[in-house]
Amino acid sequence: MQYRQLGKTNLQVSAICLGTMTYGDQNTEPEAHEQLDYAMAQGINFIDTAEMYPVPPKAETYTRTETMVGNWLKKQARDKIILGGKVAGPRRGMHWIRGGPSSLDKANIRAAIEGSLKRLQTDYIDVYQLHWPERNVPMFGQYLFDPAGEFESGIFKQGDEKVWVSIQNQLETLAELIDEGKVRYIGLSNEQSWGVMEFLHVAKEYNLPRIASVQNCYNLINRGMEFGMSEVLYRENVSLLAYSPLAFGHLTAKYIDNPAAQGRVTQFLGYAQRYKKPNVFPASAAYAKLARAHGLTPTQLALSFVYYRWFVTSTIIGATSMAQLKENIDAWHTKLSPEVMQEIEHLHLTMMNPAP
C-alpha cells in the first residue's frame, strides 16, 4: 500500500480508504468487522464514516454505521487508524437527524460531534468533514446552480433571502473542537470550487483552521473534478478523497450483464439520481468493452483509473461482500497502459460526464 500526505497536515493516509456506508443496512456487524479487519491487514489505515450512515439514509437505520465501527474501533490501537467522520447539514429532508438541522451552526455541529464520538467510542476524529454545504449549491446528481434557491419562496422575491450560517462561523465552531482535542483536522464534502476557495480565504483572513481535504464523487462517468477543481487542489494543496469510484456498481458492468443483478441500484429503487441519466448505461457498457478488450475486468479499469490520478490522494471504496472488497483492493496492483488511457480519453470526449 502507498501512503500520501493529507493536505498540509502531518497525516499519511493510505491511497485506499475503506468506506462504511453499507454497514447497518446491506452489511451486518460481523460482516462489517470482517471487512475492517481485512482492510487493515492489507495496509489500509484510513476509515471513513458519517453520522448519517448507512445510505440510503433512513430514520430506522440512522447512526447504525458509527455504532458498528465504534464496536470495532474500541478493540484497535487507535493511533494506528485515521478516522474520517462527517456532520450532516440541512436541506436534505432528514427530520430524524437533530430534528432536521436548519443550519450548520454551533449547536448542530456540537451535537453532531458529541453523538459521533460516543457511538464511535473514541475521544477524537482525525478528519471531520462537513458532509455537504449548507448554502444553496447543486449536489448529489444536481448539476445546475439555481439562484432561486437563495430565496425562501424559491423565486426571486425581494426581502426573503435565506440566511446561511457564514463560513467564518462554521470554521469558528470547528476551531473550538480542534482546541478541545475532539477533532484533529477538517475537510469538506460534496463541495464546489467556490466553496473550497472561500473556506481557504476565510481561514487565512481570520486565522482559523485550514481545510485539509474535500471528499467528492469522481469516476470514469463523473469527471467534474477536472473542470477547475483539480487546479484548486493543486495550487492550494488540498487533498481529494474520491468517492463512488465504481459509480454505484455501474462501472463493474454487473448491470450491463444483468439488469436485475443484486446491488444498490436494484435494491434501492429511485435512489441516486446521479446515475439515472440517459448516457450512464451506454458509457458504462463502452468502458466495460474497453476493459475486456485489454484483458482487464471493468472493475480493474475503473478503480485503477481513479487510484492513480495525480490529484487523488485517497480513493474511498465500499463493498457488500468480501469477494468485492478483495477485488477492489487487488485492483491497486493494476496500472493502465498509455494506450488504454488514450482510449479512455476518446470515450470521455465522446460521452463526457454522463453522471454529473
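For the structure itself, look to the data block above.
Now for a look at the structure at hand. (Residues numbered from 1 in each chain as written. Predicted model: local features only at pLDDT ≥ 70, side-chain atom pairs only at ≥ 80, totals over all residues. Heavy atoms only, no water.)

This next bit is on the overall build of the protein. Helix and strand counts for the protein come out as 12 helices and 10 strands. Its C-alpha radius of gyration of 20 Å places the protein within 12% of the 21 Å reference for a compact globule of 356 residues. The principal-axis extent of the C-alpha atoms belonging to the protein is close to 55 × 55 × 40 Å. Per-residue burial over the protein gives 58% buried out of 356 residues. If you sum the accessible surface of the protein, you get close to 15,200 Å²; carbon and sulfur atoms cover 52% of it. Separation between the mean location of the 35 positive side-chain charges and that of the 36 negative ones in the protein comes to 3 Å. (Helix = DSSP H or I, 4+ residues; strand = E, 2+ residues; numbered from the N terminus. Rg over C-alpha atoms; globule rule 2.2 N^0.38 Å. Buried < 20%, exposed > 50% of the residue type's maximum accessible area, 1.4 Å probe, protein only. Areas by Shrake-Rupley, 256 points an atom, 1.4 Å probe, with all protein chains shown as cover. Lys, Arg positive; Asp, Glu negative; His and termini not counted. Charge placed at Lys NZ, Arg CZ, Asp CG, Glu CD.)

The strands making up a sheet associate through backbone hydrogen bonding, with each pair oriented either parallel or antiparallel. As summarised here, the arrangement of the eight strands in space is 3-4-5-6-7-8-9-10, forming a closed barrel in which the pairing is parallel. Going from strand to strand, the sheet's axes swing by 30 degrees on average, the running direction of each strand aside. Bridge count for strand 7 (residues 183-189) against strand 8 (residues 211-217) is four bridges, and the pairing is parallel. Considered in strand 8, the bridge of Ser189 is made with Gln215. The strands that helix 4 (residues 167-179) touches are strand 6 (125-130) and strand 7; relative to strand 7, the one it contacts most, it runs at about 150 degrees. (Pairing = 2+ DSSP bridges. Axes fitted to C-alpha atoms, helices over the stretch in contact; angles between N-to-C directions. Contact = heavy atoms within 4.5 Å.)

Our focus in this paragraph is the packing of aromatic side chains. Counted under the stated rule, the structure contains nine aromatic pairs. Seen from their ring centres, Tyr218 and Phe311 are 5.2 Å apart, and the 70 degrees between their planes marks the pair as edge-to-face. Linking Tyr218 in the loop between strand 8 and helix 6 (229-236) with Phe311 in the loop between helix 10 (298-307) and strand 10 (312-317), this pair joins segments that are 93 residues apart in sequence. Its relative accessible area of 6% is what places Phe311 among the buried residues. Members of the aromatic cluster, joined through ring pairs, are Tyr218, Tyr234, Phe305, Trp310 and Phe311. Over the ring of Tyr124 we find Arg78, and its NZ or CZ is 4.0 Å from the ring centre. (Phe/Tyr/Trp six-rings, centres within 6.5 Å; stacked < 30°, edge-to-face > 60°. Lys NZ or Arg CZ within 6 Å of the ring centre and 35° of its normal.)

On to the pairing of strand 6. By the criterion of burial, strand 6 is predominantly enclosed, with six of the six residues buried. Relative to strand 6, strand 5 (residues 82-87) is paired through four bridges, and the arrangement is parallel. Bridged to Gly84 within strand 6 is Val127. The β-α-β motif built from strand 5, the intervening helix 3 (residues 106-120) and the parallel element strand 6 has right-handed crossover chirality. With five bridges connecting them, strand 6 and strand 7 associate as parallel partners. What sits directly across from Gln129, in strand 7, is Gly187. (Right-handed = clockwise from strand over helix to strand, strands pointing away.)

One finds Tyr128, Leu171, Ile221, Tyr287, Leu301 and Ile344 to be the most contacted residues of the largest nonpolar core, which totals 101 residues. Discounting residues that sit within four places of it in the chain, Ile221 has contacts with Ala247, Leu251, Tyr275, Val280, Ala283, Ser284, Tyr287, Asn353, Pro354 and Ala355. Ranked by size, the runner-up nonpolar core spans 11 residues in total, among them Ala50, Met52, Ala88 and Val137. (Core = buried A, V, L, I, M, F, W, Y, C linked by side-chain atoms within 4.5 Å.)

The alternating pattern of strand 3 (residues 16-19) places Ile16 and Leu18 on one face and Cys17 and Gly19 on the opposite face, and all of these are buried. Where strand 3 meets strand 10, three bridges bridge the pair, whose relative direction is parallel. Each bridged residue has a counterpart across the sheet, and for Leu18 the counterpart in strand 10 is Ile317. When strand 3 meets strand 4 (residues 46-48), the two strands line up parallel, connected through two bridges.

Over its 13 residues, helix 4 runs 18 Å from end to end, which matches the ideal 18 Å to within 8%, given 1.5 Å per residue. Of all the residues in helix 4, the buried ones are Ile167, Gln170, Leu171, Thr173, Leu174, Ala175 and Leu177. Turning to helix 4, the residues buried within the fold contact helix 3, strand 6, strand 7 and helix 5 (193-206). (Expected span 1.5 Å × (residues − 1).)

For the rest of this paragraph, the subject is the packing of helix 1 (residues 29-41) against helix 2 (residues 64-73). The N-to-C vectors of helix 1 and helix 2 enclose an angle of 55 degrees; their axes lie 10 Å apart at closest approach. As judged from the angle between their axes, helix 1 and helix 2 are oblique. The hand of the helix 1/helix 2 crossing is right-handed. Across from Glu29, His33, Leu36, Asp37 and Met40 in helix 1, the residues of helix 2 making contact are Met68, Asn71 and Trp72. Within the contact of helix 1 with helix 2, the residues separate by chemical class into four nonpolar, two polar and two charged. (Parallel < 35°, antiparallel > 145°, perpendicular 65-115°, else oblique. Left-handed = near helix turned anticlockwise from the far one by under 90°. Nonpolar A, V, L, I, M, F, W, Y, C, P; charged D, E, K, R; others polar.)

What follows concerns unusual backbone geometry. Residues Tyr53 and Pro54 are joined by a peptide bond in cis, for which omega reads 10 degrees. Along the chain, Pro54 turns up in the loop between strand 4 and helix 2. Residue Pro56 is reached from Val55 by a cis peptide bond, and omega for that bond is 5 degrees. With respect to the secondary-structure elements, Pro56 resides in the loop between strand 4 and helix 2. At Asn190, a position not held by glycine, the phi torsion is positive, near 55 degrees. Of note, Asn190 is situated in the loop between strand 7 and helix 5. Given the relative accessible area of 7%, Asn190 is considered buried.

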